[in-house]
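Fold and geometry: a report
Residues per chain, in single letters:
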Amino acid sequence: MISQNRWYLFLSDWYMTLTMVFGSFIAGASSEGGGAIAYPVMTLIFEIDPSVARNFSLAIQSVGMTAASLWIIAKKVPIEKTYLWIVAAGGTGGIIFGTYLIAPYVLPAYAKMMFVSFWLSYGIALFFINHIRKRTSAEALPALTPGQKIELVAVGFVGGILSAILGNGIDICSFAFVTLKYRLSEKIATPTSVILMAMNAVVGTLLHGLILQDLQPEAINFWLVCIPVVVLGAPMGAYVISRVNRLYIAVLLYVILLVQFVSAILIIRPSGMLILFSAGIFLSGLVLFFWLTNYNRTNGQMPVASE
């Protein structure tokens, strides 16, 4: 900023700095990375091109969520290492595949509605098992069979594709899978998903910045004015969430998912095929997530209780 005298960017792009004050805290405090705040705000409210929003989201998470990850590791916050490394392997392949073969062909409005509709269905499923069924939770995954490991690689691959399209996705995608299927505690799954998203974001940023070289000047300017806040905000979020009960983490997630969905409906005002598409994604998500919530019951697995 000093060498190129770019301090004037704070005058023109201050709204992004303000956005990421909140976005970075959410990034460190939940399985919804900072891109989950940045992408809908940029595309829905500020009407910024989705490709710019995606590239910015990846770039800023490569800084903020890496900062949060370093804090998590330094403070020895409990994480699930098996889930982390297996999903990360699939996510690396997924974000590369998605960047080249999927993202260029996704229509912006459909990408936005797919994102908010699918994760609203997850929020409903998580609310059901936490507050109606009152589940117990596990501190770690059970010993995984080869087939279950392949499942996690596939989840990471799909999450990587979502990150390629939307700027984030592997964190909430894998978080949803392990909390519903294996009933992993949100208190363990959240910091693990933060590190996972940081790794995926670094891969995506290097891919766009060094190989494709398609990081737009606008995205770079937004990135510069947000770095100072995310390197503090994301670790702060990770600290706060390490001090509270897992159900508070879940409530925070419900609120984020609901606000995202309502905002998208009000701003995009979907009609016709887009409504049908969104409804199909939402219903498919409900079927998938409620099937996962019944996994332990039908397979006779009872996790160790955890607060």
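Residues numbered from 1 in each chain as written. Predicted model: local features only at pLDDT ≥ 70, side-chain atom pairs only at ≥ 80, totals over all residues. Heavy atoms only, no water.

A closer look at the overall build of the protein chain
On a plain count of helices and strands, the protein chain comes out with 13 helices and zero strands. Reading the secondary structure of the protein chain in the N-to-C direction produces α-α-α-α-α-α-α-α-α-α-α-α-α. Against the globule reference of 19 Å for 307 residues, the protein chain gives a C-alpha radius of gyration of 18 Å, in line with a compact fold. Along the first, second and third principal axes, the C-alpha set of the protein chain runs to 60 × 50 × 35 Å. (Helix = DSSP H or I, 4+ residues; strand = E, 2+ residues; numbered from the N terminus. Rg over C-alpha atoms; globule rule 2.2 N^0.38 Å.)

Observations concerning the packing of aromatic side chains
Enumeration according to the criterion identifies 17 aromatic pairs in this entry. Linked through ring pairs, W14, Y15, F46, F56 and F222 together constitute an aromatic cluster. (Phe/Tyr/Trp six-rings, centres within 6.5 Å; stacked < 30°, edge-to-face > 60°.)

Quick look at the confidence of the model for the protein chain
Summing up the model confidence of the protein chain, the mean pLDDT is 86 and the portion of residues at 70 or higher is 93%. Per-element confidence in the protein chain ranges from a low mean pLDDT of 54 for helix α13 (residues 295-299) to a high of 96 for helix α5 (residues 81-101). In the predicted structure, residues 300-307 sits below a pLDDT of 50 and forms 19 contacts with residues beyond four places in sequence or in another chain. (pLDDT = per-residue confidence, 0-100. Contact = heavy atoms within 4.5 Å.)

Some thoughts on the nonpolar core
Ranked by internal contacts, the top residues of the largest apolar core, which has 80 residues, are F56, W119, Y122 and F289. Apart from residues lying up to four places away in sequence, F289 is in contact with F118, W119, S121, Y122, A125, A176 and L180. (Core = buried A, V, L, I, M, F, W, Y, C linked by side-chain atoms within 4.5 Å. Buried < 20%, exposed > 50% of the residue type's maximum accessible area, 1.4 Å probe, protein only.)

A short note on the packing of helix α8 (residues 170-181) against helix α9 (residues 186-211)
At a minimum axis separation of 8 Å, α8 and α9 run at an interaxial angle of 150°. One element, α8, and the other, α9, form an angle in the roughly antiparallel class. Considering the relative orientation of α8 and α9, their crossing is right-handed. Here α8 contributes I170, D171, S174, F175, V178 and T179 to the contact with α9, which in turn contributes E186, A189, T190, S193, L196, M197 and N200. Classifying every residue of the contact of α8 with α9 gives six nonpolar, five polar and two charged. (Axes fitted to C-alpha atoms, helices over the stretch in contact; angles between N-to-C directions. Parallel < 35°, antiparallel > 145°, perpendicular 65-115°, else oblique. Left-handed = near helix turned anticlockwise from the far one by under 90°. Nonpolar A, V, L, I, M, F, W, Y, C, P; charged D, E, K, R; others polar.)

Re the environment of G156
Mapped onto the elements, G156 comes out in helix α7 (residues 146-166). When its relative accessible area of 0% is taken as the criterion, G156 is described as buried. Taking C-alpha positions, G156 is 7.8 Å from I86, a pair spaced 70 residues apart along the chain. When near neighbours in sequence (up to four residues on either side) are disregarded, G156 contacts V87, G90, G91 and I170.

Observations concerning the side chain of S24
Its place among the elements puts S24 in helix α2 (residues 14-29). Excluding its chain neighbours within four sequence positions, the residues that come into contact with S24 are V229, V230, G233 and A234.

Some thoughts on the packing of α5 against α9
Remark: α5 packs on α9, axes separated minimally by 10 Å, with the N-to-C direction vectors making an angle of 30°. Taken together, the axis directions place α5 and α9 in an arrangement best described as roughly parallel. As α5 runs across α9, the sense of the crossing is right-handed. Residues Y83, L84, W85, V87, A88, G91, T92, I95, I96, T99 and Y100 of α5 form the contact with α9, whose participating residues are A189, T192, S193, I195, L196, M199, N200, V203, G204, L207, H208 and I211. Residues that form the contact of α5 with α9 fall into these classes: 15 nonpolar, eight polar and no charged.

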